[in-house]
Amino acid sequence: MFFSLSSFQSSEQATQADTTLQDTARASQQADSIEEPILEPDSAEKETQATDTAELAVESSFARGDYSTQQTRRGERLFNGLAPFESGLHDCASCHYTDAQEEINWNPSAWELAAVWQEDSAYSIMEIMNNPLTTKLMEDHAGMTITPEEQHLLEAYYTKVNEQGPDELPAYPVRTAIFWGMGLLMLLAIIDLLFTRKIRFKAVHVIVLFVGIAVHGQFAMAEAKALSRTQDYAPEQPIKFSHLIHAGENEIDCEYCHFTADYSLSANIPSNNVCMNCHTVIRSGTNSGSFEINKIHKAAETGNPVEWVRVHKLPDHSFFSHAQHVNAGKLDCAECHGEVETMHIVKQVEDLSMGWCLTCHRENEVDFLDNPYFGIYERLHEKIRNGEIDGVTAAELGGEDCMSCHY
Ligand code: HEC
Ligand code: HEC
Ligand code: HEC
Ligand code: HEC
Ligand code: HEC
Ligand code: HEC
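(A) Region of interest: the overall build of the protein chain. Looking only at helices and strands, the protein chain features 20 helices and zero strands. A total of 407 residues make up the protein chain; the buried ones form 14% of that total. Put simply, of all contacts in the protein chain between residues at least 6 apart along the chain, 65% involve residues at least 24 apart.

(B) The arrangement of the nonpolar core in detail. Within the largest apolar cluster, 16 residues are counted, with the highest numbers of intra-cluster contacts made by F79, A114, L154, Y157 and Y158. Elements represented by at least two residues in this core include exactly α5 (69-79), α6 (110-119) and α9 (148-164). Counting residues per element, this core draws most heavily on α9, which supplies six residues. Discounting residues that sit within four places of it in the chain, Y157 has contacts with T72, G75, E76 and F79.

(C) Expanded view of the site of ligand 4. Around ligand 4 sit 22 residues, and of these C92, C95, D140, G289 and F291 come closest. Of all the secondary structure elements, the ones that give two or more residues to the shell around ligand 4 are α6, α7 (125-130) and α8 (135-140). Looking at the shell around ligand 4, the element that brings in the most residues is α8, giving three residues. Here the shell around ligand 4 is built from residues that sort into 11 nonpolar, nine polar and two charged.

(D) Layout of the environment of I104. Structurally, I104 is set in the loop between α5 and α6. Not counting residues up to four positions away in its chain, the partners in contact with I104 are K240, H344 and I345.

(E) Region of the structure containing the confidence of the model for the protein chain. Overall, the prediction assigns the protein chain a mean pLDDT of 83, with 81% of residues at 70 or greater. Across residues 1-51, confidence stays below pLDDT 50; counting only partners more than four residues off in sequence or on other chains, it has 40 contacts.

Criteria and cut-off values
Residues numbered from 1 in each chain as written. Chains lettered and ligands numbered in written order. Predicted model: local features only at pLDDT ≥ 70, side-chain atom pairs only at ≥ 80, totals over all residues. Helix = DSSP H or I, 4+ residues; strand = E, 2+ residues; numbered from the N terminus. Buried ≥ 20, exposed ≤ 12 C-beta atoms within 10 Å, placed from the backbone. Contact = placed C-beta atoms within 7 Å. Core = buried A, V, L, I, M, F, W, Y, C linked by C-beta atoms within 7 Å. Near = placed C-beta within 6 Å. Nonpolar A, V, L, I, M, F, W, Y, C, P; charged D, E, K, R; others polar. pLDDT = per-residue confidence, 0-100.

As structure tokens, then:
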């Protein structure tokens, strides 16, 4: 393998006169590096004649279509760095991850690569690998060229990825073990109590059952809470949009994008046009290359809106107005959303419980005297003038009445 790798690389720099030599080297390399050839011996031969027609014939014999399970398996091994490509051993999965990620990972995931390929019948993995167009692709794919056969194997794997989606993250293995372990102990205690009667002291059964019920109860409570309250919720988004890069590093004002927060109940999520204001010109990003920004252009071409995943959501029975807080209350976004400009992925920092709303309404004085919005509260203004009170909280303005938050 080492020999064929170096012969391939040096042949890249070879002059035109060397083409025949180069092609022979390539063909022999192909012949000895593929363990389970799907190429017929004579079609491998064909590649030595580097005429256009021969190349076309080879490519069409690897046209998109049915892939055998063996091809899928081989494609998966190539992608995961368990088998070498002709140009060397490349672990695509070390960047193009195959499982759900907890932190931002700027590389395209395996399932995203697969989805983009499936959508476009003219898409060629080989073209992208062998003639990289962006700086990011040139850097990250340096030395990784692929053959038509390898493309076919990768496509076979892509097809599997498209059907299967990302590998699941293990869901709290320790908690799961405790849950089932405790369940088993409780079952044994009941069986022994009723039938086998091996343990003489009934106190043992009682303790096991007592602790078991407490543990299971605690799990049930935690699950029930997580159903309606989603503090720390930070879902993966269809485009890796980063507030840290936009609102933080590039200091774009929150209300440039979320402009309805000032006058409406809800804060809008910006439409694709807002992104295009800048990304018509900025075609690639430092971290993600052009892959993520291409999605903005794809949405502009097709007119299909980007389906952002909602992060904050109050239950339907409660009412909340951004304008009331941002415009009348003069609150900063950060008071309720935390330092969004430091987050790559938006996270819900507060629990959005009724207690949280009420605590702020009771404890914090509003900017009462300087805000013309509160001019109508004449009785309270008079009390301040007479020195009866020194400030007004939102609670005193009706922020504690059930009806102001519940219909
Ligand atoms: C360049 C446009 C842009 C700017 C500037 C921007 N945002 Fe966003 N914001 C978005 C997009 C797009 C989303 C939806 C995707 C996501 O959740 O990351 C979003 C989502 C959010 C969400 C979550 C919404 C939900 O689904 O519950 C909050 C909260 C938020 N932004 C607050 C802020 C704050 C605070 C600032 C200023 C520090 C800010 N944004 C600046 C574009 C922007
Ligand atoms: C007083 C607390 C508070 C302040 C201040 C606040 N938000 Fe929100 N924000 C919320 C709550 C609560 C929700 C969930 C609303 C719902 O589900 O109806 C929310 C939801 C959002 C959403 C999701 C869309 C929506 O309206 O449901 C965005 C985007 C957002 N806020 C952006 C902002 C921005 C930008 C600012 C500053 C200009 C801001 N918020 C100021 C509490 C606040
Ligand atoms: C006011 C200008 C502006 C707007 C509006 C804007 N962006 Fe950006 N965006 C930038 C700048 C500047 C960069 C940084 C480019 C770089 O890395 O050199 C960037 C980078 C990005 C990146 C790549 C990040 C990286 O480092 O790889 C993505 C993805 C992106 N933006 C998505 C969006 C989306 C989605 C929207 C609309 C919700 C949007 N942008 C709106 C200015 C903007
Ligand atoms: C060092 C990290 C890294 C490795 C290893 C890597 N890639 Fe990539 N790849 C990237 C990045 C980053 C991009 C997005 C760059 C861009 O679009 O500008 C990308 C983009 C691609 C694209 C183009 C997606 C599109 O539609 O625009 C394909 C196809 C691809 N990679 C295939 C592979 C294959 C096959 C391998 C293994 C032989 C591989 N990559 C190994 C980082 C890597
Ligand atoms: C960080 C402090 C803060 C938090 C948290 C907060 N509020 Fe407020 N709220 C205010 C301020 C300040 C006002 C402005 C006083 C006014 O307009 O009457 C206000 C006013 C209101 C009003 C108008 C009251 C009236 O009748 O005049 C409603 C309704 C309201 N908030 C609902 C909510 C809900 C629902 C939540 C929780 C999801 C919430 N608020 C969380 C500070 C907060
Ligand atoms: C400042 C706004 C606000 C006021 C005032 C308020 N609530 Fe709520 N309430 C909420 C929000 C937001 C929720 C949903 C969040 C949650 O589930 O904790 C809620 C939830 C509830 C629930 C459902 C509890 C649950 O756990 O699902 C009940 C019942 C309720 N409120 C009753 C009341 C009553 C009665 C009053 C008057 C004494 C009142 N609320 C005043 C904001 C308010």
